[in-house]
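# Architecture and fold: a report
Here's the letter readout for the chains.
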Amino acid sequence: MKQPIQDGVWPTMITPFTEDGKMDEASLERAVEWYIGHGVDGLFAVCQSSEMFYLSLEERIELAKFVVRHAAGRVPVIASGHVSDRFEDQVTELNRMAETGIDALVLITNRLAAENESDDVFKRNLERLLTRLPEQIKLGFYECPYPYKRLISPELLRFCAETGRFSFLKDTCCDLEQLRAKLAAVDGSALKIFNANTATLLESLKLGAAGYSGVMANFHPELYVWLYRNWKSQPERADRLMNVLTMASFIEHHLYPVNAKFYLMLEGVYRSFHTRSRDHGELTLTHRLEVEQLRRLSQQLAKEYTA
């Protein structure tokens, strides 16, 4: 039975690889336990952080199945499935992913129209696609920045919400006014908006965002969980924590996801920081120091906020 999309914190999982470039299932199993042990509300198993554009279709399918199997119903699992350019290839990819047991199938917004094409093209392609996907599976959107970022307008988002088929949006606009308009567009529907941006997160929660789905939940998810669960009852502490989380989030620009994998190595979760999307050999001693210092700061904050 499919689980509902819960409000809260949804990490964008990163795929562990062995030193010879294969998926590391032992590390992935530990990662599932690590995320759940840190209180997350759901897992986004196949996404850009997972290096989905660098995984074969069979690897993406196996990754989703593995996470579903090891999450074992404790939290819902979602995954995006289409990376191809051709419409028919996307249909194949998405239908394969829909069969993995995931709780929602996430559509990549930039796959539905080219960068120079209008929202009308997007809408037509989406309508065609909806007729080719299983009606029983919940759907979502991810405004993936690669190969280009395509944001969904509030008007288009309202149309999507009114289909009744969508329940998740990973929003990457990083703009509170756009978020306000999008939240108004989906008000009263089943479509929940999860903010991927740390700096705007707390204010977006106040506006009605459902939670956080971003890369920093690969470093210190427990702090985001605390923020989501306590910002209303402890606003002053939430403000202080928000200041630190925003500054910490700058590490995203310092060789992510390699640095996140190194963080998880320090946590005893991953065995290597090998990646396919970046040159892991570029992780300098300075990068490592940054991650080590962030981990010590995270541990101090976790004692203060979650003990």
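Computed from a predicted structure; not experimentally measured. (Residues numbered from 1 in each chain as written. Predicted model: local features only at pLDDT ≥ 70, side-chain atom pairs only at ≥ 80, totals over all residues. Heavy atoms only, no water.)

## So, the overall build of the protein
For the protein, the helix and strand inventory stands at 11 helices and eight strands. Against the compact-globule benchmark of 19 Å for 307 residues, the protein has a radius of gyration of 18 Å, which places it among compact chains. For the protein, the C-alpha atoms occupy an extent of roughly 50 × 45 × 40 Å along the three principal directions. The buried share among the 307 residues of the protein stands at 56%. For the protein, the exposed area adds up to about 12800 Å²; of that, 49% sits on carbon and sulfur atoms. With 36 positive and 42 negative side-chain charges, the protein shows a separation of 3 Å between the mean positions of the two kinds. (Helix = DSSP H or I, 4+ residues; strand = E, 2+ residues; numbered from the N terminus. Rg over C-alpha atoms; globule rule 2.2 N^0.38 Å. Buried < 20%, exposed > 50% of the residue type's maximum accessible area, 1.4 Å probe, protein only. Areas by Shrake-Rupley, 256 points an atom, 1.4 Å probe, with all protein chains shown as cover. Lys, Arg positive; Asp, Glu negative; His and termini not counted. Charge placed at Lys NZ, Arg CZ, Asp CG, Glu CD.)

## What to know about the packing of aromatic side chains
For the coordinates displayed, the defined rule picks out 13 aromatic pairs. Ring centres of Phe-44 and Phe-168 lie 5.9 Å apart, and the angle between their planes is 85°; on these two criteria the pair is classed as edge-to-face. Of this pair, Phe-44 sits in strand β2 (residues 43-46) while Phe-168 is found in strand β6 (residues 166-171), placing the two residues 124 residues apart along the sequence. With a relative accessible area of 0%, Phe-44 lands in the buried category. Residue Phe-168 is classed as buried on the basis of its relative accessible area of 0%. Judged by centre distance (4.9 Å) and plane angle (25°), the ring pair of Phe-168 and Phe-194 falls under stacked. Highlighted residues: Phe-168 in strand β6 and Phe-194 in strand β7 (residues 192-195), separated in sequence by 26 residues. Within the aromatic cluster, the residues linked to one another by ring pairs are Trp-10, Phe-44, Tyr-142, Phe-168 and Phe-194. Cation over ring: Lys-123 sits above Phe-159, and NZ or CZ is 4.4 Å from the ring centre. For the cation-ring pair, Arg-128 lies above Phe-87, with the distance from its terminal atom to the ring centre recorded as 3.8 Å. (Phe/Tyr/Trp six-rings, centres within 6.5 Å; stacked < 30°, edge-to-face > 60°. Lys NZ or Arg CZ within 6 Å of the ring centre and 35° of its normal.)

## Things to note about unusual backbone geometry
Of note, the bond from Tyr-146 into Pro-147 is cis; its omega dihedral lies within 30 degrees of zero at -5°. Residue placement: Pro-147 occurs in the loop between β5 (138-142) and α5 (154-162). Along the chain, Tyr-256 connects to Pro-257 via a cis peptide bond; the corresponding omega equals 5°. One non-glycine residue, Ala-72, lies in the positive phi region at around 50°. Along the chain, the position of Ala-72 falls in the loop between α2 (57-71) and β3 (77-80). Accessibility expressed as a relative area gives 56% for Ala-72, which makes it exposed. Not every positive phi belongs to a glycine, and Cys-174 is a case in point at roughly 60°.

## Thoughts on the packing of helix α8 (residues 221-230) against helix α9 (residues 235-248)
With their axes 10 Å apart at the nearest point, α8 and α9 run at an angle of 145° to one another. In this structure, the crossing between α8 and α9 has a hand that is left-handed. Two secondary-structure elements touch here, α8 through Leu-223, Tyr-224, Trp-226 and Leu-227 and α9 through Arg-237, Ala-238, Leu-241, Met-242 and Leu-245. (Axes fitted to C-alpha atoms, helices over the stretch in contact; angles between N-to-C directions. Left-handed = near helix turned anticlockwise from the far one by under 90°. Contact = heavy atoms within 4.5 Å.)

## A word on the pairing of β7
Within a regular strand, the side chains alternate between the two sheet faces. The sheet contact formed by β6 and β7 spans four bridges and is parallel. Residue Phe-168 lies in a different strand from β7, and its bridge partner there is Lys-192. Alignment of β7 against strand β8 (residues 211-212), held across two bridges, turns out to be parallel. Residue pairing for β8: Phe-194 is matched across the bridge by Gly-211. On the question of chirality, the crossover connecting β7 to the parallel β8 by way of helix α7 (residues 201-207) is right-handed. (Pairing = 2+ DSSP bridges. Right-handed = clockwise from strand over helix to strand, strands pointing away.)

## Focus: helix α1 (residues 25-37)
End to end, α1 covers 18 Å across 13 residues, agreeing with the expected 18 Å (1.5 Å per residue, within 8%). Taken together, the buried positions of α1 are Ser-27, Leu-28, Ala-31, Val-32, Trp-34, Tyr-35 and Ile-36. For α1, the elements touching its buried residues are β2, α2, α8 and α10 (258-266). Capping the start of α1 is the job of one residue whose side-chain oxygen sits 3.3 Å from the backbone nitrogen of Ala-26: Asp-24. Backbone geometry just after α1 places Gly-39 at a positive phi near 90°. (Expected span 1.5 Å × (residues − 1). Polar contact = N/O pair within 3.5 Å; in protein donor to acceptor, adjacent residues only side chain to side chain.)

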